[in-house]
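For reference, the chains in residue letters:
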Amino acid sequence: MEKISSKEFTTFKVNDNVELYKVSFKNQYKMDVVGHLFIPKNLDRSRKHPAIIVGHPMGAVKEQSADVYASNMADRGFIALAIDLSFWGESEGEPRNAVLPDVYAEDFSAAVDYLGTRDFVDRNNIGVIGVCGSGSFVVSAAKIDPRMKAIATVSMYDMGSANRNALQHSLTIDQRKQIIAQAAEQRYAEFSGAEVKLTGGTVDKLEANTDPIQREFYDFYRTPRGEFTPKGATKLTTTHPTLSSNTKFMNFYPFEDIETISPRPMLFITGDHAHSKEFSEDAYKRAGQPKELFYVKGAGHVDLYDKTDLIPFEKLATFFKKNLK
């Protein structure tokens, strides 16, 4: 644990009553996972306490949204750990920005390994929050890791369905096959020594015909509001996964068997104006009890990344206080 200052970061704020640490630990595949650990200053470290793990949106890093949630949960008395998923941010993984959803899910289990072996953490009371794409990764992880005792998602994207079908199932099978074929050809190119090609993510500049959803992401990732370029990346590589690996999401079905998480509680939070609410609604429909679907009135998808006046932190705090004893 390396104590660090939050003053260098502009994408989140840390209350004076919270201490911030940089931590690193191995996942099951011996890859370093890096995180920010937030601990209330008045916490009695001679006793064991509940803890929460937070995952960032797909293509983001911990400084973008995850740290907002972790710092605010620490304000409410929780130990909170925001992590960089493998291949992103400060965590290990080559090539950078590669897509490997099973390893993303593994990173959350590795975070449980880490927290559950700290003297001041109660390993029987660890919860998780997944924002956007991490919502689907924490669901995937929780299905096979019962140590995650309470699961919350915010503005969740099912990254499998989003890539197979697009929003509102607007992608045809032929279009999907074209995407798969393009990725397969790129594998030949990269195997033969070509540079890794990126795809998707947030547009790097706005055009007259840029669609409203991309404009919503642009307002966060490409402006001072949420822009953060980790070491080793550039502004032109942030948010963009690799083309040849992105099809891994086509085989990702996080909501299959979601009901097996029961009786561990699940909370799905989405904006009532969010373009992504279909994913939270689908997960809620499939999940076993106890479960809750909570709509934030007037909120869009990206609003719940960082707009602390809209994010229902008290709702989250109540959920975890009830379910992490």
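The coordinates are above.
These numbers come from a predicted model, not from an experiment.

A. Structural detail: the side chain of Thr153. Mapped onto the secondary structure, Thr153 falls in strand 7 (residues 148–154). Looking at Thr153, the relative accessible area reads 1%, which means it is buried. Residue contacts for Thr153: discarding those within four places in its chain leaves Gly130, Gly135, Val138, Val139, Leu267, Phe268 and Ile269.

B. A look at the environment of Asp174. Tracing the backbone through its elements, the reader meets Asp174 in helix 5 (residues 173–191). Asp174 sits 68 residues away from Glu106 along the chain, and the two C-alpha atoms are 32 Å apart.

C. Quick peek at the side chain of Asn27. Summarising the element assignment, Asn27 is placed in the loop between strand 2 (18–26) and strand 3 (32–40). On the basis of relative accessibility, which here comes to 2%, the residue Asn27 falls in the buried class. Side chain to side chain, Asn27 and Ser86 meet in a polar contact 3.4 Å long. Sequence-distant contacts of Asn27, defined by excluding residues within four places in its chain, comprise Val33, Ser86, Val103, Glu106, Asp107 and Ala110.

Parameters and conventions
- Residues numbered from 1 in each chain as written.
- Predicted model: local features only at pLDDT ≥ 70, side-chain atom pairs only at ≥ 80, totals over all residues.
- Heavy atoms only, no water.
- Helix = DSSP H or I, 4+ residues; strand = E, 2+ residues; numbered from the N terminus.
- Buried < 20%, exposed > 50% of the residue type's maximum accessible area, 1.4 Å probe, protein only.
- Contact = heavy atoms within 4.5 Å.
- Polar contact = N/O pair within 3.5 Å; in protein donor to acceptor, adjacent residues only side chain to side chain.

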